Amino acid sequence: MSARDFIHITRPQRVVFGAGALQHLAREIDALGARRALVLCTPEQRGQAERVADMLGARAAGVFDRAVMHVPIETAREARAEAQRLGADCAVAIGGGSTTGLGKAIALDSGLPIVAIPTTYAGSEMTPIYGLTEQGLKKTGNDVRVLPRTVIYDPELSRTLPVGLSVTSGINAIAHAAEGLYARDGNPVMDLMAEEGIAALARALPAIRAQADDIDARSDALYGAWLCGSVLGSVGMALHHKLCHTLGGSFNLPHAEVHTVVLPHALAFNAAAAPQAMARIARALGTPTAPQGVQDLARANGAPIALRDIGMKEDDIDRAADIAVQNPYWNPRPFGPAERDALRALLQRAWAGAPPG
Ligand SMILES: NC(=O)C1=CN([C@@H]2O[C@H](COP(=O)(O)OP(=O)(O)OC[C@H]3O[C@@H](n4cnc5c(N)ncnc54)[C@H](OP(=O)(O)O)[C@@H]3O)[C@@H](O)[C@H]2O)C=CC1
Ligand SMILES: O=C(O)/C=C\C(=O)CC(=O)O
């Protein structure tokens with residue numbers, strides 16, 4: 001981006017990064033002035049959360065292990081009530097975007113400070129964006145109260161993240177940066193972070209596929225996720241995120257996989273309207289073009305490239321196109337009811353796993 005007017009808000013967050021950084025958790029809770037942390041996790045990660053609670057000793061108020069994807073409002077209410085019952089004055093969210101999202105739901109209501117310890121590459125820990133699902137409808141909002149106050153990135157904790165999920169989660173992060181590069185409210189600093197974040201993940205994902213517990217590759221991937229999440233937290237989302245929220249929210253398709261399949265097609269849709277962004281994405285990926293580069297990264301690393309392979313029915317394409325054009329997000333190539341057929345064609349290609357066109 002050359003010189004142009006912009007506004008950038010620097011948000012107050014403390015980031016502690018490094019292999020073994022989890023050991024600093026008690027120090028970080030003290031630095032927040034907190035005394036009793038409620039540790040949040042998914043049911044499957046309860047063992048890890050209990051180890052964290054043991055490590056915290058008297059600083060742990062308890063463990064709440066019911067985080068699930070897209071934060072159902074009932075779960076958020078239960079977690080808020082548990083935090084209150086236990087007299088917690090902060091929450092520690094250890095896990096992926098689902099667990100961070102639960103922490104955000106507590107913070108939204110209570111203002112409790114959150115320490116996020118991400119173990120996927122979704123990037124939610126760096127954003128003031130929250131999602132809540134009520135009666136099957138997912139709503140997102142933006143509120144600085146939900147921004148985690150401290151983030152501990154410990155690559156040791158992501159060594160167990162399965163390779164398949166590492167790849168799709170990494171491409172979820174790349175999507176944040178890619179859309180940041182053509183965001184209406186983008187700025188030169190975010191552009192730098194976006195390009196660096198994409199490059200770090202493009203390096204890291206093949207290395208993780210080659211050796212899942214490669215700590216340098218895991219560090220690179222978390223570094224990329226941090227940068228890409230920061231971009232998402234600072235600038236607006238566009239067509240790609242709208243399509244993914246439609247497919248995830250209304251058709252219950254898995255979050256990171258949907259991002260992986262849709263991104264090449266959303267980039268192809270926007271390519272002519274955002275040539276500079278495409279050039280930067282391609283440069284970061286080290287490929288001739290951005291859309292094909294993303295699809296090649298997914299395919300070469302064993303990730304799905306077709307919606308039909310992650311549970312979408314062909315009959316649902318029309319309904320998805322209808323929903324996606326309602327309340328469109330700003331996008332460099334506008335999409336609304338008039339572009340419904342073009343979006344339908346995009347979804348058809350994504351459904352079939354066709355090259356981005
Ligand atoms: N608000 C925001 O800014 C953002 C929000 N999100 C939201 O986050 C959610 C998606 O986050 P995502 O991280 O993809 O998904 P999850 O948090 O649901 O995690 C996905 C899977 O990763 C597994 N997992 C996580 N960490 C480990 C680990 N260390 N070892 C082994 N397995 C692990 C989990 O296993 P298990 O089930 O066994 O725990 C789970 O099955 C969505 O709801 C999305 O909307 C995503 C990006 C940004
Ligand atoms: O659902 C949310 O919490 C809001 C944003 C996202 O999920 C970002 C994404 O699509 O990865």
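Quick note: structure is the one above.
Not measured: the values here are computed from a predicted model.

Undergrad: Please clarify how the pattern of salt bridges should be interpreted in this entry.
TA: A pair can form between side chains of opposite charge whenever their charged atoms are brought close. Under the defined criterion, the tally for this structure stands at 22 salt bridges. Linking R59 and D30 is a salt bridge whose minimum nitrogen-to-oxygen distance equals 2.9 Å. Within this pair, whereas R59 is found in the loop between helix 2 (46-56) and strand 3 (60-64), its partner D30 is found in helix 1 (residues 25-31), the two being separated by 29 residues in sequence. Between D65 and R66 there is a salt bridge; the shortest N-O distance is 4.0 Å.

Undergrad: I'm lost on the sheet that holds strand 8 (residues 150-153) in this one. Help?
TA: Two modes of strand pairing occur in sheets, parallel and antiparallel, and in both the strands are linked by backbone hydrogen bonds. One open sheet holds the six strands; their spatial order is 1-8-5-4-2-3, and the pairing between them is parallel. Each edge of the open sheet is held by one strand with a lone partner, namely strand 1 (14-17) and strand 3. Going from strand to strand, the sheet's axes swing by 15 degrees on average, the running direction of each strand aside. Pairing between strand 2 (residues 37-40) and strand 4 (residues 90-95): four bridges, direction parallel. Note on strand 4: the bridge partner recorded for A37 is C90. Contacting strand 2, strand 3 and strand 4, helix 2 runs over the sheet at an angle of about 180 degrees to strand 3.

Undergrad: Hey, could you run me through the packing of helix 5 (residues 163-181) against helix 7 (residues 215-234) in this one?
TA: Angle between the axes and distance between the axes are the two parameters that describe a pair of packed helices. It is at 8 Å that the axes of helix 5 and helix 7 come closest, and there the two elements cross at 35 degrees. Two packed elements cross with a definite hand, and for helix 5 against helix 7 that hand is left-handed. Contact with helix 5, carried on its side by S166, A173, I174, H176, A177 and G180, involves R218, A225, C228, G229, V231 and L232 of helix 7 and no other residues of that element. Class assignment for the residues of the contact of helix 5 with helix 7 results in seven nonpolar, four polar and one charged.

Undergrad: Looking at this structure, I do not really get the packing of aromatic side chains. What am I missing?
TA: How two aromatic rings sit relative to each other is given by the distance of their centres and the angle of their planes. One pass over the full model with this rule turns up two aromatic pairs. Between the aromatic rings of Y223 and W226, the centroid separation amounts to 6.3 Å while the plane-to-plane angle is 55 degrees, which identifies the pairing as tilted. A residue pair is termed a helical-turn pair when its members lie 3 or 4 positions apart in one helix, as Y223 and W226 do in helix 7 at three residues. Lying over the aromatic face of W351, R308 brings its terminal NZ or CZ to 5.2 Å of the ring centre. Across the ring face of F269, the terminal group of R333 is positioned such that the distance to the ring centre comes to 3.7 Å.

Undergrad: Can you walk me through the site of ligand 1 in this structure?
TA: Among the 23 residues in the neighbourhood of ligand 1, the closest are listed as T42, S98, T119, T120 and T127. Here an oxygen atom of ligand 1 and a side-chain polar atom of K138 are 2.8 Å apart. The separation between a nitrogen atom of ligand 1 and a polar main-chain atom of L161 is 3.5 Å. If ligand 1 stood free it would expose 920 Å²; the protein chains cover 83% of that surface. Among the elements that make up the shell around ligand 1, the one with the highest residue count is helix 4 (residues 97-110) (three residues). Considered class by class, the residues forming the shell around ligand 1 number eight nonpolar, 12 polar and three charged. Both domain 1 (14-158) and domain 2 (163-352) contribute no fewer than three residues apiece to the shell around ligand 1.

Procedures and definitions
- Residues numbered from 1 in each chain as written.
- Chains lettered and ligands numbered in written order.
- Predicted model: local features only at pLDDT ≥ 70, side-chain atom pairs only at ≥ 80, totals over all residues.
- Heavy atoms only, no water.
- Salt bridge = Lys/Arg side-chain N within 4 Å of Asp/Glu carboxyl O.
- Helix = DSSP H or I, 4+ residues; strand = E, 2+ residues; numbered from the N terminus.
- Pairing = 2+ DSSP bridges.
- Axes fitted to C-alpha atoms, helices over the stretch in contact; angles between N-to-C directions.
- Contact = heavy atoms within 4.5 Å.
- Left-handed = near helix turned anticlockwise from the far one by under 90°.
- Nonpolar A, V, L, I, M, F, W, Y, C, P; charged D, E, K, R; others polar.
- Phe/Tyr/Trp six-rings, centres within 6.5 Å; stacked < 30°, edge-to-face > 60°.
- Lys NZ or Arg CZ within 6 Å of the ring centre and 35° of its normal.
- Near = heavy atom within 4 Å.
- Polar contact = N/O pair within 3.5 Å; in protein donor to acceptor, adjacent residues only side chain to side chain.
- Areas by Shrake-Rupley, 256 points an atom, 1.4 Å probe, with all protein chains shown as cover.
- Domains from an automatic or database assignment.

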